[in-house]
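# Residue-level structural notes
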Amino acid sequence: MGGVLVGRTEELARLRAWLDQRTAAPGPRGAARAGPAPPVLLVSGEAWVGATALLDAALAAYDGGYDGAPVVRLDDLHRADDATVRGLPQRARELAGEAGAVVATYRPDALAHDHPLRPVRAELRHAGLVTELRLGPLSDADARRLVTDRLGDRSGDRLGDHADPDLVEAVVRRADGLPYLLGALADDPADEHRPGTVPESVPESVRDAVAMELERLGEPAREALRLAAVTGPVVRPGALAALLPDGWPDGLETGEHLAPETDGTLRFRHDVVRDAVRAQVAPARQRAWSARLADRLLATGAHREALRLLGPLVAGWPAEDPGRAPVLAALAAAAEGCGEHPAAVAALGELLDGAPDPARAPLLSRLATQHELLGQWSVAVAEREACARLHDAADRPAAAAVERLAVAVHLRSAASLRAALEVAALAERDARRADRPDLLCRAEALRGNLLARTEQGVEGVAQVRAALDRALSAGLVAPAAEAYQRLADALEHTGDYRSAGQAYDAAYAFCRHGDQDVTAQVCRACAAVVMLHGGRWDTALEVCAEVSHDPGSPPPARAAAEVVTGLVETFRGRLRGPRAALLGARLTGVRIDLLPVDLLASWGLSLLDRHAGDDAGAVAGLQRVLQRCEDSEERHYCVPVLQDAVGLFARLGLAREVGRTTTLLSEADLGHQPDARIALCVALAETAVLAGDAPAAVPHLRQALALGATEELPLADVAVRRRLASLLAQVDRERSHDGSRDGSRDEAVELLRQAQRTARRLKARLLLEPLGRELEALGALGDVRAGGDDALSAREREVLGLVGSGLTSREIAARLFLSVRTVEMHVRHAMTKLDCRTRTEAAMRLSHDRAGTGPTR
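In short, a report on the structure. (Residues numbered from 1 in each chain as written. Predicted model: local features only at pLDDT ≥ 70, side-chain atom pairs only at ≥ 80, totals over all residues. Heavy atoms only, no water.)

### Observations regarding empty space enclosed by the protein
A full pass over the atoms with the stated rule returns four cavities of 30 Å³ or more. In terms of lining, the largest cavity is formed by 13 residues, of which the most central are Thr 231, Val 234, Leu 293, Leu 297 and Glu 305. Looking at the lining of the largest cavity, the elements with two or more residues in it are helix H11 (237-241), helix H13 (283-299) and helix H14 (303-316). The biggest single contributor to the lining of the largest cavity is H14, with three residues. Taken together, the residues that form the lining of the largest cavity break down as eight nonpolar, two polar and three charged. By volume, the second largest cavity amounts to about 140 Å³. Surrounding the second largest cavity, 13 residues form its lining, Ala 47, Trp 48, Glu 256, His 257 and Val 273 being those nearest its centre. (1 Å grid on protein atoms, 1.4 Å probe; cavity = no way out; pocket = protein on both sides within 12 Å on 5 of 7 lines; lining within 4 Å. Points joined across faces, edges and corners; volume = space filled by probe spheres on them. Helix = DSSP H or I, 4+ residues; strand = E, 2+ residues; numbered from the N terminus. Nonpolar A, V, L, I, M, F, W, Y, C, P; charged D, E, K, R; others polar.)

Next comes the structure, spelled out in structure tokens:
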């Protein structure tokens with residue numbers, strides 16, 4: 001056959017040279033006729049590597065005879081009888097001084113541990129009586145040449161100039177470099193290059209050869225290989241043993257068909273062989289085996305392996321076959337178990353199409369969960385509402401309440417508050433009908449929280465407190481934990497930030513005591529948002545670190561912790577790290593439809609853009625915030641964002657955006673939140689400035705300042721004082737022309753100094769630097785230093801001092817009776833406050849500040 005020995009030039013030359021030496025003519029004076037080469041040549045290689053063809057070509061030169069030097073050929077020595085194998089050493093010794101040779105082939109992977117060839121081979125090697133030639137697969141280049149030649153032979157194009165390169169590559173990939181398979185696949189009529197060709201097709205010649213190989217095995221081994229071929233590509237003997245009448249046979253792990261992997265599994269040495277073995281199993285039996293194995297995998301939690309097995313099985317299962325439905329259900333369970341949400345959606349959707357009414361509700365609920373995990377919230381909400389209606393029709397009020405609570409919670413997260421109120425009321429009705437106190441407490445607390453978010457603060461807080469009291473009285477830990485969080489959130493939305501912070505702390509303590517860790521971390525993350533607005537930034541960072549490091553924290557809590565950390569670090573001037581955290585938080589907020597996180601993260605990114613001089617990027621981000629607010633009922637978390645945005649819009653002369661922002665803040669002010677009223681005053685002041693009436697803006701800002709005097713809203717306070725100082729300085733400059741100054745400049749300086757003190761307390765470098773420049777512009781001394789010894793907490797100074805003494809975190813933890821993680825947290829916070837990249841640099845900075853020498857960098 002043309003091209004059989006492609007890539008074997010060196011091996012053929014070695015073999016012929018050995019034969020020439022072994023069959024050489026006798027030397028002078030009757031010397032031995034044997035050449036210097038050992039008398040035995042062993043050619044080894046796996047099946048179909050071309051050992052037989054190589055021997056055929058080498059021995060063809062001796063067809064006319066060997067001049068009295070007989071050559072013995074032994075093919076497939078791994079299958080020879082014991083006498084033949086064990087007699088090789090004696091025969092080799094007899095030929096050592098004669099002109100003769102023994103050439104044999106064998107497969108190393110077919111030798112059992114106790115095969116007689118193993119000791120015989122060792123004996124021959126030790127005696128120097130054997131030459132060995134190991135054949136491996138062809139290189140890709142040689143394989144392509146062989147296939148091209150064979151395709152040329154078939155088409156009459158002897159050089160293969162017109163062979164389809166895609167077909168050549170497909171054959172090369174499938175044949176694994178084995179000459180026999182390369183030729184068989186190239187010659188197979190079923191592999192003609194045409195649309196619809198099945199890539200798993202196996203040439204008849206290969207199927208026959210594999211069948212002959214299997215016939216040499218016992219029935220238990222054949223059955224095991226067939227099962228492995230059907231349920232592979234990963235073969236786990238332990239899992240398959242239960243599906244075989246006689247268990248898993250010994251010896252297949254080291255046989256010529258299966259190869260061991262490092263993790264204890266097996267695989268077929270070649271996909272073509274696996275396909276040929278699988279073709280021996282009827283389709284119905286293939287499906288039955290696969291389904292049974294999938295059930296076992298699911299029972300042991302091996303969801304991903306079950307999915308790999310079930311995917312192709314379901315794809316090839318006739319749709320009309322009633323046995324397909326349970327396998328499709330197993331596929332859905334496997335996909336859900338390993339987080340393959342699109343596959344789960346496809347399987348659950350198909351199950352839903354053919355499901356009777358009693359089975360539709362649980363399928364809809366599972367489908368909604370998958371769509372939620374994919375971030376497809378509108379679809380999920382529709383599915384849960386449909387599920388609730390099915391439960392209504394079947395008189396299952398408790399199940400309906402569960403679905404409606406899930407819908408209301410999502411609508412609340414997306415700031416569709418009035419729609420959420422309607423659904424929560426239905427859930428409350430369902431819970432009463434079902435006589436389920438736990439569900440009733442959850443529904444009442446949620447509805448009260450929603451009332452507080454929709455301008456009915458007093459009534460809403462009272463309802464949440466009542467639900468909390470009911471849950472505590474009944475000993476309902478989980479509903480009570482949820483009600484605690486709802487109460488804190490309700491207080492926050494009424495503007496009572498001090499009480500909200502206390503409620504979050506109480507909620508966290510209760511949740512931890514009641515093993516409600518997920519709710520506890522949500523409470524902590526929400527408390528961090530309150531701390532952000534209240535100026536408790538160091539504590540907020542510690543809380544966020546705890547939430548982030550807890551592997552049980554849910555995505556909403558993690559996202560809130562990320563956004564608070566990103567905002568604090570942005571304000572503190574650490575501008576390299578926060579962008580990634582804020583982008584990640586915004587992505588999570590969009591994915592799970594958590595609007596507050598989306599808005600706050602967009603604000604942080606806008607601040608970073610402005611600091612980098614990219615006003616266009618900052619405006620685009622804040623315009624997106626406006627649109628998101630206008631498309632929802634969110635009027636709480638957006639307030640500080642909108643207050644900041646209106647100042648940028650006004651500075652850039654964007655009157656339309658100022659108007660849109662003012663409208664949103666007017667709606668937020670209806671909830672009587674102090675921060676909303678302050679922000680609205682700022683918006684009205686900017687509107688007056690845009691209209692050319694700067695003096696009219698001053699009263700609005702003074703009102704905002706008066707509102708903030710009793711509230712812990714430092715960011716709003718700094719912004720108002722800075723803007724009022726700017727307007728007063730402008731008034732002072734205008735009046736300086738006619739000599740009618742009235743002390744506006746002095747008031748502006750004092751306002752800036754007050755703002756500077758607040759910014760210093762926050763260590764907010766992003767605010768301190770412009771405040772310092774504005775003071776200097778007024779002829780006053782500005783202080784832009786944001787870090788230093790006084791910027792650190794006492795514990796941070798203590799830890800950093802020990803770092804400077806050369807102690808490791810573990811040594812510091814032991815000395816101060818802290819955990820290593822807590823020590824590392826204090827070091828990170830100190831590095832952030834001092835704007836240092838390494839702990840050593842931070843320790844040196846602290847030392848210089850204490851000595852009064854200042855930093856050396």
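### Things to note about the packing of aromatic side chains
One pass over the full model with this rule turns up three aromatic pairs. Its end group placed over the ring of Trp 317, Arg 287 keeps NZ or CZ at 5.0 Å from the ring centre. (Phe/Tyr/Trp six-rings, centres within 6.5 Å; stacked < 30°, edge-to-face > 60°. Lys NZ or Arg CZ within 6 Å of the ring centre and 35° of its normal.)

### Re the nonpolar core
Counting 121 residues, the largest nonpolar core has Trp 537, Val 563, Val 564, Leu 567, Phe 571 and Trp 603 as the members making the most contacts within it. Ignoring anything within four residues of it in the chain, the contact list for Leu 567 reads Leu 532, Leu 582, Leu 600, Trp 603, Gly 604 and Leu 607. If you look at the next biggest cluster of nonpolar residues, it comprises 99 residues, including Leu 167, Trp 248, Leu 328 and Ala 347. (Core = buried A, V, L, I, M, F, W, Y, C linked by side-chain atoms within 4.5 Å. Buried < 20%, exposed > 50% of the residue type's maximum accessible area, 1.4 Å probe, protein only. Contact = heavy atoms within 4.5 Å.)

### Quick word on helix H17 (residues 357-373)
Look at H17: 25 Å from first C-alpha to last across 17 residues, which is about the 24 Å you get at 1.5 Å a residue. Those residues of H17 that sit buried are Ala 361, Leu 363, Leu 364, Ser 365, Leu 367, Ala 368, Gln 370, His 371 and Glu 372. Where H17 is buried, its residues meet helix H15 (324-337), helix H16 (341-353), helix H18 (377-393) and helix H19 (397-413). (Expected span 1.5 Å × (residues − 1).)

### Digging into the sheet that holds strand E2 (residues 71-74)
Hydrogen bonds between backbone groups are what pair the strands of a sheet, and the pairing can be parallel or antiparallel. Taken in spatial order, the four strands line up as E2-E3-E1-E4 in an open sheet, and their pairing is parallel. Every interior strand has two partners, whereas the edge strands, E2 and strand E4 (130-134), have only one. This sheet shows a mean twist of 15° between the axes of neighbouring strands, independent of strand direction. Sheet topology note: the E2/strand E3 (residues 101-106) ladder contains four bridges and is parallel. The residue of E3 that forms the bridge with Leu 74 is Ala 104. Across the sheet, helix H1 (residues 9-22) is in contact with strand E1 (40-44), E2, E3 and E4; its angle to E4 comes to roughly 165°. (Pairing = 2+ DSSP bridges. Axes fitted to C-alpha atoms, helices over the stretch in contact; angles between N-to-C directions.)

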